[in-house]
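Close look at the chain arrangement
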Amino acid sequence: MGLMLENGLAQDAVLVPPSNFSMVEENIFRSGLPTPTNFPFLETLNLRSIIYLCPEPYPEENCKFLQSQNIRLFQFGIEGKQEPPVAMSTDTISEALKVLIDVRNHPVLIHCKRGKHRTGCLVGCLRKLQNWCLSSVVEEYQRYAGSKSRLNDMKFLEAYDILSMRQSLYSIIYRYQGYGSNKRRLLYRGEENVHNKARLTSI
């Protein structure tokens, strides 16, 4: 899949999104691990941050791209092994969720390796925070995971205690953007706690 470039750029150039790319909400995107082929496309998103959900070091060529674009990298090392199954970390997902809903980090791209399981779990927890019903949360997870959907991930999404999460976010405030807008925005003000569980990489 590719998008044609316009506005003075080479007409035969093509913008190629990363695998499994999609918009989650305005200024929140998801995908698999970007490759250099995807960098021109990512430039069009004007990203401020990337949330990387794998324990492996971020690829050097990707680090150089982030440095050139002044994009911050938040890394949460969640194992993605299926055999033997590794339980999703509630604490790690919750810390990643705090970074995700902080509008100071937007526009933000969430990704793991393939944009299916770890990314799907984080997005699913965001949906629960948005009061989505469980069936819709699971349907969205399955749409991106496809035949690779994991029962453990769906059990995690069902069990994730969003009420407890809300209680721990007393510093979340609601902001309305623009005159007459019904669009609700979240800002995490407890900056001293945001990066406790994330490895914030200065590139």
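Read on for an overview of the structure. (Residues numbered from 1 in each chain as written. Predicted model: local features only at pLDDT ≥ 70, side-chain atom pairs only at ≥ 80, totals over all residues. Heavy atoms only, no water.)

**Some remarks on the packing of helix H4 (residues 117-129) against helix H6 (residues 151-159)**
Where we set the bar: Axis geometry follows a simple rule: fit a line to the C-alpha atoms, using only the stretch in contact for helices, then measure angles between N-to-C directions, giving values from 0 to 180 degrees. The helix count covers DSSP runs of H or I at least four residues long, the strand count covers runs of E at least two residues long, and both are numbered beginning at the N terminus. Angles are sorted into four bins: roughly parallel if under 35 degrees, roughly antiparallel if over 145, roughly perpendicular if 65 to 115, and oblique for all others. When the near helix sits turned anticlockwise from the far one by under a right angle, the crossing is termed left-handed; a clockwise turn instead gives a right-handed crossing. Whether two residues are in contact is decided by their heavy atoms, any of which lying within 4.5 Å being enough. Three classes are used, and their members are as follows: Ala, Val, Leu, Ile, Met, Phe, Trp, Tyr, Cys and Pro are nonpolar, Asp, Glu, Lys and Arg are charged, and the others, Gly among them, are polar.
Here H4 crosses H6 at 20°, and the two axes come no closer than 10 Å. The orientation of H4 with respect to H6, classified from their angle, is roughly parallel. At the point where H4 passes H6, the crossing takes the right-handed sense. Here His117, Cys121, Gly124, Cys125 and Lys128 of H4 lie close against H6, whose contacting residues are Asp153, Phe156, Leu157 and Glu158. Taken together, the residues that form the contact of H4 with H6 break down as 4 nonpolar, 2 polar and 3 charged.

**Overview of the packing of helix H5 (residues 134-145) against H6**
The interhelical angle for the contact between H5 and H6, taken along N-to-C directions, is 150°, at an axis separation of 10 Å. By the angle between their axes, H5 is roughly antiparallel relative to H6. Seen from above, H5 lies across H6 with right-handed handedness. Contacts between H5 and H6 involve Leu134, Val137, Val138, Tyr141 and Gln142 from the first element and Asp153, Met154, Leu157 and Glu158 from the second. When the residues that make up the contact of H5 with H6 are grouped by side-chain class, the tally is 6 nonpolar, 1 polar and 2 charged.

**Thoughts on helix H2 (residues 60-69)**
Here is the rule: Relative accessibility decides the category of a residue: with a 1.4 Å probe and only protein chains considered, values under 20% of the type maximum give buried, values over 50% give exposed, and everything between is partly exposed. An arc is given here, and it is the one of the directions from the helix axis to the C-beta atoms.
Taken together, the buried positions of H2 are occupied by Asn62, Cys63, Phe65 and Leu66. Summarising the axial view, the buried residues of H2 lie within an arc of 160°, below the 170-degree limit, and thus occupy one face. Turned more than 90 degrees away from the buried face of H2 sit Glu60, Lys64, Gln67 and Ser68, all of them exposed. The inward-facing, buried residues of H2 contact helix H1 (39-43), strand S5 (49-52) and strand S6 (72-75). The first or second residue beyond H2 is Asn70, which carries a positive phi of 60°.

**Structural notes on the side chain of Lys128**
Note the following rule: His is not counted here, nor are the chain ends, while Lys and Arg score as positive and Asp and Glu score as negative. Just to be clear on terms, a salt bridge is a Lys or Arg side-chain nitrogen sitting within 4 Å of an Asp or Glu carboxyl oxygen. Pairs of N or O atoms within 3.5 Å make up the polar contacts considered here, provided that, within protein, one atom can donate a hydrogen while the other can accept it, and that residues adjacent in sequence are counted only when both atoms are side-chain atoms.
Residue placement: Lys128 occurs in helix H4. Buried charged residue Lys128 carries no salt bridge. Nearest counter-charge: Asp161, at 7.4 Å. For Lys128, the side chain forms a polar contact with the main-chain oxygen of Glu158, separated by 3.3 Å.

**Quick notes on the pattern of salt bridges**
All told, the structure shown has 6 salt bridges when counted by the stated rule. Linking Glu25 and Arg127 is a salt bridge whose minimum nitrogen-to-oxygen distance equals 2.8 Å. Taken as a pair, Glu25 in strand S3 (residues 22-25) and Arg127 in helix H4 lie far apart in primary sequence, 102 residues in all. Through salt bridges with shared partners, one network takes in Glu25, Arg127 and Glu140.

**Some thoughts on the state of the cysteines**
The test is simple: The criterion for a disulfide is a pair of cysteine sulfur atoms lying within 2.5 Å.
For the structure on display, the rule yields 0 disulfides. As a non-bridged cysteine, Cys112 has Cys54 as the owner of its nearest cysteine sulfur, 5.4 Å distant. Free cysteine Cys125: the closest other cysteine sulfur is in Cys121, separated by 6.7 Å. What makes Cys125 buried here is its relative accessible area of 0%.

**Some words on the nonpolar core**
How we decide: Side-chain atoms within 4.5 Å link the members of a nonpolar core, which is a set of buried Ala, Val, Leu, Ile, Met, Phe, Trp, Tyr and Cys residues.
Counting 50 residues, the largest nonpolar core has Ile51, Leu53, Leu97, Leu100 and Leu122 as its most contacted members. Here the element with the most residues in this core is H4; it accounts for 6 residues. When residues no more than four places from it in sequence are discounted, the contact partners of Leu97 are Leu122, Cys125, Leu126, Leu129, Tyr160, Ile162 and Met165.

**Observations regarding unusual backbone geometry**
Each neighbour pair has its own omega, and for His106 with Pro107 the value is -5°, a cis peptide bond. As for its position among the elements, Pro107 is in the loop between helix H3 (90-100) and strand S7 (108-111). Positive phi is not limited to glycine here, since Asn70 has a value of about 60°. Note that Asn70 resides in the loop between H2 and S6. Not every positive phi belongs to a glycine, and Asn131 is a case in point at roughly 70°. As for its position among the elements, Asn131 is in the loop between H4 and H5. Owing to a relative accessible area of 58%, Asn131 belongs among the exposed residues under this scheme.

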